[in-house]
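# Structural overview
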Amino acid sequence: EKALQQNELYDIFEDKFSLLAEEDHGPGNKNENNITEFQSFTYWKYSNNKVASCIDWVPGEDNVVAVAITEPLSFNERLKISGKPRTSYILIWSFTDPIHPQYVLASPFDIYAFQFNPYNKG
């Protein structure tokens, strides 16, 4: 009975997160929530009109990142073409040369997720 009474007295539609925005004790201010582009990696042959589906840092390298790129398709469009071979790429980029990828890894199917082995750094 006590649980039912407590349930009736609680406002389930109250937005608790709005109360958190009132306090601003950290560095910066709450209107400063913009992401600034640090560097852009593009290569017309592989990444033109594509989207990044997965990004992972190369283990043991501070300035090398790998990006899987795919066609910008909706879920229904992906279902229609699933199982059919289409070339997809993982591009390995270095911050020292953002115009040309260091390596291009090709796959016969779209790549939505990948991960390097964090223990094999060589």
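The rules behind the values
Residues numbered from 1 in each chain as written. Predicted model: local features only at pLDDT ≥ 70, side-chain atom pairs only at ≥ 80, totals over all residues. Heavy atoms only, no water. Helix = DSSP H or I, 4+ residues; strand = E, 2+ residues; numbered from the N terminus. Buried < 20%, exposed > 50% of the residue type's maximum accessible area, 1.4 Å probe, protein only. Contact = heavy atoms within 4.5 Å. Areas by Shrake-Rupley, 256 points an atom, 1.4 Å probe, with all protein chains shown as cover. Core = buried A, V, L, I, M, F, W, Y, C linked by side-chain atoms within 4.5 Å. pLDDT = per-residue confidence, 0-100. Pairing = 2+ DSSP bridges. Axes fitted to C-alpha atoms, helices over the stretch in contact; angles between N-to-C directions.

This paragraph deals with the overall build of the protein. Looking only at helices and strands, the protein features four helices and four strands. Along the protein, helices and strands appear, N-terminal first, in the series α-α-α-β-β-α-β-β. Going through the 122 residues of the protein one by one, you find that 20% of them count as buried. The contacts of the protein with a sequence gap of at least 6 include a subset with a gap of at least 24, amounting to 47%. When the accessible surface of the protein is summed, it comes to about 10,200 Å², and 54% of that surface belongs to carbon and sulfur atoms.

The biggest cluster of nonpolar side chains holds nine residues, and these are C54, V58, V64, A66, A68, I90, I92, I111 and F114. Listed by contribution, the elements that provide at least two residues to this core are strand 2 (64-70) and strand 3 (88-94). Per-element accounting of this core gives the leading share, three residues, to strand 2. One finds V65, V67, I69 and W93 within the second-largest nonpolar core, a separate group that totals six residues.

What follows covers the confidence of the model for the protein. Where the model shows low pLDDT, its predicted coordinates should not be examined in detail. Of the residues in the protein, 75% reach a pLDDT of 70 or more, and the chain-wide mean stands at 79. Element-level mean pLDDT values for the protein span from 61 in helix 1 (residues 2-9) up to 92 in strand 4 (residues 103-107).

Moving on, we get to the environment of L105. Take L105: it is sitting in strand 4. Looking at L105, the relative accessible area reads 43%, which means it is partly exposed. Along the sequence, L105 and L91 sit 14 residues apart, while their C-alpha atoms lie 6.4 Å from each other.

Spatial strand order, 1-2-3-4: four strands in an open sheet with antiparallel pairing. Two strands lie at the open edges of the sheet, namely strand 1 (51-57) and strand 4, each paired on one side alone. The mean inter-strand angle of the sheet, taken between neighbouring strand axes irrespective of direction, is 20°.

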